[in-house]
Amino acid sequence: MNIGSDPLQHTSVYHGKEDSDDSDGEGGLGNVNRQIMRPPGHSGKAKRGHLCFDASFECGNLGRVDLINEFEYDLFIRPDTCSPRLRFWFNFTVDNVKLDQRVIFNVVNISKERNLFMENMTPLVKSSSRPKWQRIPNKHVFYHKSNVHQGHYILSFSYGFDKEEDIFHFALAPPYSYSKLQIFLSVLEKKAAYLKENFCRELLAESVQKRKVDLITVGSLTRHACKPKTKRRMVCIMARLHPGETPASFVCQGLLELLASSNAIATILREKVTFKIIPMLNPDGVFLGNYNSTVMGTNLNRSWHIANQWLHPTTKSVIDALIILDKSKDFQLDFVVDIHAHSGLTGCFVYGNTYEDVYRYERHILFPKLLATTADDYAPNNTMFNSDNSKIGTARRCLCSLLSEKVNCYSFEVSIFGYKLKGSDVIIPYTEESYMRCGRNLIRAFLEYYRTTGAIPLEITMEMGNKKKTARSSQKRHGSNKRPLRKKKSLTGRVEAQLHFKNLNINYDSETSVEDCLYSYGICSPRKTFNRISEQHSYRNKNENASRNKPNCKNDFAAIAKNFVVLPEPSLTVIDFNVISRNNIDKMSNLHPLKKSASFDLQKN
């Protein structure tokens, strides 16, 4: 067999380490390692259709595969290291498929029975020729109790392989590995070189297995020159205490990209606020493909109150650093936000604390309220504030008691599945990009908080908007002499796509590369677009009613579109090819007024 042509070579990080019979899978960390499923009685070289399973790569998780029959396989999730009761994250590849081969996979040992699979969540899949993650259609996925498996809940999904040469990759959520983070931070560091002293990447600590825990600082570390006695505001954000909650890393990447960009929001915040960001606090668990635990089997988000340097070196370093910052005479630590992904609820939301001091509690709930107005995927019904003793080992509860009363500690949660449109039960699945937009919305909420509390003067944000408007008006003046070219309209009948603006109300208007804080009519969010259209439409109707009483009155709003169709469901553009006939050319010419010469040429032809 030619090893150089191995189709799974790129996925394995344990080449040349074959497990012995008594090794118990230690070489591949307990994951299946290029395991080929041959039918009973078959020996020799594997044929097409004898599926090859592999999870012996970074973040991989698949502990065992049982061949039930030619079309069905039972899959067993490998438990967390030193925590056999935790089984939810899975991430594996399948190769050596046969064209049009259809199989059923049963994930039979999920430990969290009540999860979003009950809400029609489906696994993700991609292949080597189609690298974008997609969810398996809901009609092919079943989450049910199985009598064959002692009444446990089983995740069953069918899949048809359509390309023999492809490697198919299945996962619970979009993976985000330790190596991917290191590559991203290296790229970000180069792109943020223009920030000079306003950007810094340093080593905060090392994990038990000696992997790096990076600390990213964005914002100046010096006091304001005009107000030397004023403390500089500071925000601490951390993520990936739980390795299987990969959406947290995408959220963290989104906010880092925005903070390091030239966006006007980031520019204002960097001048007034310093951000300390720890993107991955459990790199060992991430690398091993655990769901909840470290390499030692510890749940870091239940161990903050007992953290020590030997068993919890990463969280212990965070606690020490936060206490120093909280006692500093130069900085005012305002926020500690711990980012997680939730396996049972939809949307994004916040877990906070409760206090006996009413005024402190009112200050504490301000930021979640501002975030709710910033992100339309925010789920206020899932937001919760409590002082439950069972959560005393979480970051928000422990740090709340260790730090001063001016510090607000939250857990920011985002669903591993999707969010519900407001006023509807329809669930829109999250993607990698929409997870990153959640991070950007967090940064926008921080800007709104500091503007509301007066730490960032309102005049600065107004100047930002005025500069943008001035730039746009100057572009219009310079381009007023040039007449824009009009596209020729087709003679085919065309029905415009009917968009339901009310339901496309996600406030994700700008990318990190677009320096725009105030949104123009052309690129504003669908909700703002719909509201503006509605206002103009009602204004035009009033104007028309006035013009009926005054026949000679000139209508100043003639340029406004006359019809705006709002339907509950979207539809694609449909071309009516039945009207493309000689008998209907005149009719189409009336529908789409063009130059007479163009119609005459068509009649000639």
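Colleague: For this particular structure, what's the right way to read a nonpolar patch on the surface?
Modeller: A cluster of nonpolar side chains, contributed by V208, M296 and L311, occupies part of the molecular surface with about 220 Å² of accessible area. Mapped onto the elements, L311 comes out in the loop between α4 (283-288) and α5 (313-326). On the basis of relative accessible area, L311 is assigned to the partly exposed category, the value being 31%.

Colleague: I tried to follow the sheet that holds strand β1 (residues 35-36) on my own but got confused; where do I start?
Modeller: Strands pair in a sheet through their backbones, by hydrogen bonds, and they do so in one of two ways: parallel or antiparallel. Taken in spatial order, the 6 strands line up as β1-β2-β5-β11-β7-β8 in an open sheet, and their pairing is antiparallel. Looking at the sheet topology across the chains shown, the edges are occupied by β1 and β8 (130-135). Examined bridge by bridge, strand β5 (residues 91-95) and strand β11 (residues 168-171) share 4 bridges and lie antiparallel to one another. Residue pairing for β11: N91 is matched across the bridge by A171.

Colleague: When you look at the environment of D74 in this model, what are you seeing that I'm missing?
Modeller: Among the structural elements, D74 can be located in strand β4 (residues 72-76). Through-space distance from the C-alpha of D74 to that of R64 is 8.3 Å; in sequence the pair is 10 residues apart. The residues touching D74, leaving out its near neighbours within four places in the chain, are R64, V65, D66, I68, N106, V108 and H149. One polar contact links D74 to H149, side chain to side chain, over a distance of 3.2 Å.

Colleague: How do you make sense of the pairing of strand β16 (residues 331-342) when you look at a structure like this?
Modeller: Consecutive residues of a regular strand have side chains that alternate between opposite faces of the sheet. The element β16 is extensively covered by neighbouring structure, given that 12 of its 12 residues are classed as buried. When strand β14 (residues 232-239) meets β16, the two strands line up parallel, connected through 8 bridges. Across the sheet, the residue bridging to V235 is F335, located in β16. Here 8 bridges tie β16 to strand β19 (residues 408-415), and the two strands are oriented parallel to one another. Bridged to H342 within β19 is S415.

Colleague: Is there a simple way to think about the nonpolar core in this case?
Modeller: Soluble globular proteins tend to bury their nonpolar side chains together. Grouped together as the largest cluster of nonpolar side chains are 59 residues, with contacts concentrated most on F275, I339 and F412. With 10 residues, the top contributor of residues to this core is helix α9 (residues 432-452). If we skip the residues at most four places from it in the chain, I339 touches I237, M238, A239, R240, A248, V251, L255, F412 and L442. Within the second largest apolar cluster, 41 residues are counted, among which are L62, V97, L155 and F161.

About the criteria used
Starting afresh in each chain, residues are numbered from 1 along the sequence in its written order. Under the rules for a predicted model, residues below a pLDDT of 70 receive no local features and side-chain atom pairs below 80 are neither given nor counted, while totals for whole chains, interfaces and linings still include all residues. Note: side-chain values were computed over all heavy atoms of the structure, leaving out hydrogens and water. Patch definition: residues with relative accessible area over 30% and no salt bridge; like charges joined within 9 Å; nonpolar side chains (Val, Leu, Ile, Met, Phe, Trp, Tyr) joined within 5 Å. Reported accessibility uses the Shrake-Rupley method at a 1.4 Å probe radius. Residues are deemed covered only where the shown protein chains occlude them. Salt bridges are defined as contacts in which a side-chain nitrogen from Lys or Arg sits within 4 Å of a carboxyl oxygen from Asp or Glu. Only DSSP runs of H or I with at least four residues qualify as helices, and only runs of E with at least two residues qualify as strands; both kinds are numbered from the N terminus onward. Burial classification: accessible surface area is computed with a 1.4 Å probe over protein chains only, and a residue below 20% of its type maximum counts as buried, one above 50% as exposed, and the rest as partly exposed. Two strands qualify as a pair provided DSSP detects at least 2 bridges between them. Contacts between residues were defined by any pair of non-hydrogen atoms, one from each residue, lying within 4.5 Å. Distance and chemistry together define a polar contact, namely a pair of N or O atoms within 3.5 Å, with one atom able to donate a hydrogen and the other to accept it when in protein, and with adjacent residues in sequence counting only for side-chain atoms on both sides. In this description, a nonpolar core means a group of buried Ala, Val, Leu, Ile, Met, Phe, Trp, Tyr and Cys residues linked to one another through side-chain atoms lying within 4.5 Å.

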